Amino acid sequence: MKAEGKRNIWREYQKEIACDHFYYQRSCIRQNFFPASEKTFLKILRDELGKDIYDDPLHTTCTGIGYHTDVVPFDTIQAVVARHFALMTEAGYKNMAISCVTSFGIYSEITETWKEFPEELEKVRKSLKKAIGKEFEVPANIAHASDIIYKFKGEIAEKQQFELINKQTGKPLKIVEHIGCHYSKMFPSKGVGGAEFPHVLSGMIEEWGGEVVDYPERRHCCGFGFRQYMVQSNRGYSLSNSKKKFESMEPYMPDAIVANCPGCNMFLDKWQYTLAEMQGKTYGQNGKGIPVLTYEELAGLVLGYNPWDLGLQMHQIDCEPLLDKMKVPYNPEDKYLGANKKYIGRPEVAACLA
Amino acid sequence: MGKSIVTIGGGIAGIEASGILAELGYAVSVIEKEPDFGGKLKNWDHLFPNMRKAEEIEDYLSRKGKTPGITLFPNTTIASFENIKSGFVLKSNHGVSYSAHAVIVATGFEVFSAERKEEYGYKIYDNVITSADLEKRLKSGTPLTTLAGKTPQRIAFIHCVGSRDAKVGNTYCSKVCCVTGVKQAIEVNKLLPATQIFNFYMDLRMHGLEHEEIYKTAQEKHNIQFIRGRLSEVSENIDHSLLIKAEDTLSGRPLKMNVDLVVLLVGMEPGVGTTAIGKACNIEFNQYGYLKIPDVHLAGNLTSRKGIFVAGSCSCPMSVKDTIEHARSAAFEVHRYLIEN
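Residues numbered from 1 in each chain as written. Chains lettered and ligands numbered in written order. Predicted model: local features only at pLDDT ≥ 70, side-chain atom pairs only at ≥ 80, totals over all residues.

Caption draft 1: Broad picture of the overall build of chain A. Within chain A, the secondary structure is distributed over 16 helices and 10 strands. Over its C-alpha trace chain A gives a radius of gyration of 20 Å, about what one expects of a compact globule, namely 20 Å for 354 residues. Structurally, chain A occupies a C-alpha span of about 60 × 50 × 50 Å along its principal axes. Buried residues in chain A amount to 48% of all 354 residues. Sequence-distant contacts, at least 24 apart, represent 76% of the contacts inside chain A between residues at least 6 apart. (Helix = DSSP H or I, 4+ residues; strand = E, 2+ residues; numbered from the N terminus. Rg over C-alpha atoms; globule rule 2.2 N^0.38 Å. Buried ≥ 20, exposed ≤ 12 C-beta atoms within 10 Å, placed from the backbone. Contact = placed C-beta atoms within 7 Å.)

Caption draft 2: Representation of helix α11 (residues 200-207) of chain A within the structure. Residues and elements named next belong to chain A. Most of α11 is tucked away, with 6 of its 8 residues classed as buried. Residues of α11 that are buried: Val-200, Leu-201, Ser-202, Gly-203, Met-204 and Ile-205. Check the buried side of α11 and you find it contacts α8 (145-151), α9 (153-158), β7 (174-178), β8 (211-212), β9 (256-259) and α15 (295-303).

Caption draft 3: How the structure looks around the sheet that holds strand β7 (residues 87-92) of chain B. All names here are of chain B. Taken in spatial order, the 3 strands of this open sheet run β6-β7-β8, and their pairing is antiparallel. Strands at the two margins of the open sheet, each flanked by one partner only, are β6 (78-84) and β8 (97-100). Within this sheet the neighbouring strands show an average axis-to-axis angle of 20 degrees, counted without direction. One ladder, built from 6 bridges, connects β6 with β7; its direction is antiparallel. (Pairing = 2+ DSSP bridges. Axes fitted to C-alpha atoms, helices over the stretch in contact; angles between N-to-C directions.)

Caption draft 4: Structural detail: the environment of Glu-4 of chain A. For Glu-4 of chain A, the position within the fold is in helix α1 (residues 3-12). Residues Glu-4 of chain A and Val-176 of chain A lie 172 residues apart in sequence; the distance between their C-alpha atoms is 20 Å.

Caption draft 5: Summary view of the pairing of β8 of chain B. Residue and element names in this part refer to chain B. Side-chain alternation along β8 places Tyr-98 and Ala-100 on a buried face and Ser-97 and Ser-99 on a face that remains uncovered. Pairing of β7 with β8 involves 4 bridges; the strand directions are antiparallel. The partner of Leu-90 across the bridge, within β8, is Tyr-98. Where β7 hands over to β8, the hairpin turn is made up of 4 residues, of which Gly-95 adopts a positive phi near 85 degrees.

Caption draft 6: A look at the domain arrangement of chain A. All names here are of chain A. Here chain A is partitioned into domain 1 (18-145) and domain 2 (153-353). Domain 1 and domain 2 are separated by 26 Å when their C-alpha centres are compared. Listed per partner, the contact involves 25 residues of domain 1 and 28 residues of domain 2. Elements with a minimum of two residues in the side of domain 1 that touches domain 2: α2 (30-33), α3 (35-48), α4 (64-68) and α6 (101-116). Considering only residue class, the side of domain 1 that touches domain 2 consists of 12 nonpolar, 9 polar and 4 charged. (Domains from an automatic or database assignment. Nonpolar A, V, L, I, M, F, W, Y, C, P; charged D, E, K, R; others polar.)

Structure below.
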């Protein structure tokens, strides 16, 4: 492996990412499965980096899941996106920060469509004005939230409390990075590092002391794929994709997986439980699963946030082995206590993971 | 005859055309940016289809370059180009002026930069090389091994890298890669008879004389496996072997295979020298960036400007054989032009 070759590719794919004043577009499923990630993102931007970011309660789903399962037509999703742009315009912002990789893909696809087919943009403007009386500007800058953390990874490193180092061995933690397909596989130029050797997550890992695992099925989809999962009879296909990835990464003995897509985070975490239940097979060390983190959770750990404030108790795969390696302090008794110290329940654990 | 010609480019086409014109009595100045003449030929080991040593053609060109009437100018580039009544004045990077009644552009091609096919991992994975790299290795005579020094058990040749590929902007066929892949596969089989060799192709364009025969020989006598399918990606395994993915379009199934070495059969692209001189001379380019010829059937050596001619692969991809023939016809066109003008 020649690192210089990768660096040459990364130089080709450096996108413009705004510095400040963001309009935040939340994700539908992240708020359910990794609810503290978005909160952590806002905290890092506001409290650590001193940035202005507006979390608008008026915005809705982008309808991307419906679009990719052929339930929502293109005209409809254009109108929904245009409404979000109108909300952003009304709030006085020009830079969009998008939490979800699918939403990021949707916004990219629609704004590119408008560049190629200006008549579509005019049609949407007229429709939105007629329907709800709103007008909008196309954002000056559209970034995925992971782009923004990537941009400020150095500033985060300056405040770093815990390195991505295995304190038991003194060696860098081996971390699998996984980007969502809709991050850069549709538009390689819109992703940091492009589609084949993306740098957005690997840049964070390296900056914070870890080592990126380059395994053969690194590029492979996590298996979510919308209709693979949404259509119940296709779920075996979804699971088999994740299994292929786990088998491929297993020989490298990764300490963690970090992803930037709601679906990838969810499936790489929860399919490990499913495979353990179905086959009694685990892919991590000491018979455990491989902890799966969002990039905000990873940044939060590096910054010294309490793991339970980061929502790590919501993961199917326990993160304690990773915390122990990093020597991040945590109180096991607080793990399943909510904000009001009330017991929130705990996920089922496969027998072989217990 | 008292007329002078400047040939820009001292590769196969430039030397061949210049040699013929010198034999006809013209004074020919050959401008070459490199210290040596002969172009990329000096990097090739054997030539298809008959496996002759490339050095034989090099020797021929070396003799041709010594034809009385030729003056060779190595390490020289053209800095400016001016039209005068009798023809052209070209000024070199050394400040030397060359007067010419006619100019031949013979700036050749560049090998496609395989790192642009990012999914194949060239210059990232240790054991992904190009056909140009392999040719140098074969010529050097060093044992063909992986980077770790292991004899490869399996080698995959990947056809059409940078050719017939809209993604990289080259929809044209480079013409020489198919037969080069077959030739190199045979050469490797002769060196490493126990190694399994696979050629992944879209379709094999064996259009030249004896090309189809060596394709047949590769299968019958050298046990080369030809798989119709374009590679989707290359990844590296933990032992630095390579995992390749393709679709076998004949069996209609996806295919995964571990190999020790991947050879990318890189196509041709217009060189930066061609672009620069084309712009300096104010001649037109075709849609791919090669120098445009006004009539594909009847004016293959002319350009959009009178008195400026083209020879060799700066007008389109060509084999060594085609380049020599094209250079000879360029010499004829220049001769006719100078007689008529």
